[in-house]
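Listed here are the chains, written in short residue letters.
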Amino acid sequence: MLKVRKANLTDVPALLALINDYAARGVMLPRTEFELCENLRDFTVALETVNGEETLAGCGALHFYTMQTAEVRSLAVAENRKTAGVGKKVVQALLEEAREFKLDLVFAFTYVVGFFEKCGFEVVDRGSLPLKAWKDCVRCPKFSCCDETAMVYLLSPEAVANTQRTTINDAISLVEIRPLNPAWAVSLDEEIRMPTPLNPGRVFQQR
Ligand SMILES: CC(C)(COP(=O)(O)OP(=O)(O)OC[C@H]1O[C@@H](n2cnc3c(N)ncnc32)[C@H](O)[C@@H]1OP(=O)(O)O)[C@@H](O)C(=O)NCCC(=O)NCCS
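Counting starts from 1 at the beginning of each chain's written sequence and moves along it residue by residue. Predicted model: local features are reported for residues with pLDDT of at least 70 only, side-chain atom pairs are reported and counted for 80 or more only, and whole-chain, interface and lining totals are derived from all residues.

## Brief notes about the confidence of the model for the chain
Selection rule: Per-residue confidence from the prediction method is given by pLDDT, with values spanning 0 to 100. With C-beta atoms placed from the backbone, a contact is any residue pair whose C-beta atoms sit within 7 Å.
Across the chain, the average pLDDT comes to 84, with 76% of residues at or above 70. Within the model, the stretch residues 188–196 combines pLDDT values under 50 with 14 contacts to residues more than four positions away or in other chains. Taken together, the stretch residues 201–207 has pLDDT below 50 and engages in 12 contacts with residues farther than four places along the chain or on a different chain.

The following block contains the structure:
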């Protein structure tokens, strides 16, 4: 019996093992313990009870970017639980969460296009996604030779309706992905300087 729920801190060791095992094979980005704890509330887990003990069968995260958009990331299913519907259930739970948060668009960068198509995502031009969506790419080993496919799931009724008349790339343009006020946006090249014990005078600055 599969149980899907939001992650909690006791899941961290199993999550790190699952994600970083795939990361070592180059199919996912690695996550540190610090990063995972920092973003734990993004995560949904799928658990299975084997011999009375709950084990992690899969996981995925919904990471917000703007008031309308989020990314599905860190999606992984344990090697011995693949092709049993676990991944799809995790994605469905993340899409449900996206609806609860009234998002318009969920995107993913992936090598498993067929899987995401089965979950209702469509392939789009990378350029149609907001620049912020690329912030994780900066530390990816494949930064200069990325071969992942950008895919999108539209939740906004207007954008979905528009796909009847135009391409998905054009439909995305209906989703408002700009920040409310440019002054509140931290650009990709902006350094966020936090005070540190060694350098207490350095503070966060916005242009
Ligand atoms: C990709 C992954 C999450 C899929 O999870 P899964 O539990 O095996 O997938 P499911 O059993 O839920 O499959 C759902 C559907 O997608 C299909 N599917 C699964 N993996 C697929 C693949 N690699 N290519 C094409 N279709 C695939 C299934 O056949 C199924 O189709 P159906 O609904 O017609 O039966 C899993 O293989 C995995 O963890 N891969 C390694 C990590 C990874 O690549 N993560 C994605 C990062 S973006």
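## Describing the nonpolar core
Our working definition: In plain words, the nonpolar core is the set of buried Ala, Val, Leu, Ile, Met, Phe, Trp, Tyr and Cys residues that C-beta atoms within 7 Å link up. Once C-beta atoms are placed from the backbone, each residue is buried if 20 or more other C-beta atoms lie within 10 Å of its own, exposed if 12 or fewer, and partly exposed for counts between those two. Numbered from the N terminus, helices here are DSSP runs of H or I no shorter than four residues, and strands are runs of E no shorter than two.
Counting residues in hydrophobic clusters, the biggest one holds 46 residues, and the most contacted among them are Cys59, Leu105, Val106 and Val152. Broken down by secondary-structure element, the contributors of at least two residues to this core are helix H1 (12–24), strand S2 (43–50), strand S3 (53–64), strand S4 (69–77), helix H3 (86–100), strand S5 (105–110), strand S7 (149–154) and helix H6 (168–172). Looking at this core element by element, the count peaks at six residues for H3. Those residues in contact with Leu105 that lie beyond four places of it in its chain are Gln68, Thr69, Val152, Leu154, Leu155, Ser156, Ile172 and Val175.

## Here we look at the pairing of S2
Cut-off, in case you're wondering: When DSSP finds two or more bridges between two strands, those strands count as paired.
Taken together, the five bridges between strand S1 (residues 2–6) and S2 define a ladder with antiparallel strand orientation. The partner of Leu2 across the bridge, within S2, is Glu48. Inspection of the sheet shows S2 paired to S3 by eight bridges, in the antiparallel sense. Counted as the bridge partner of Thr44 is Gly60 from S3. Two successive antiparallel strands, S2 and S3, enclose a turn made up of two residues, where Asn51 displays a positive phi of approximately 50 degrees.

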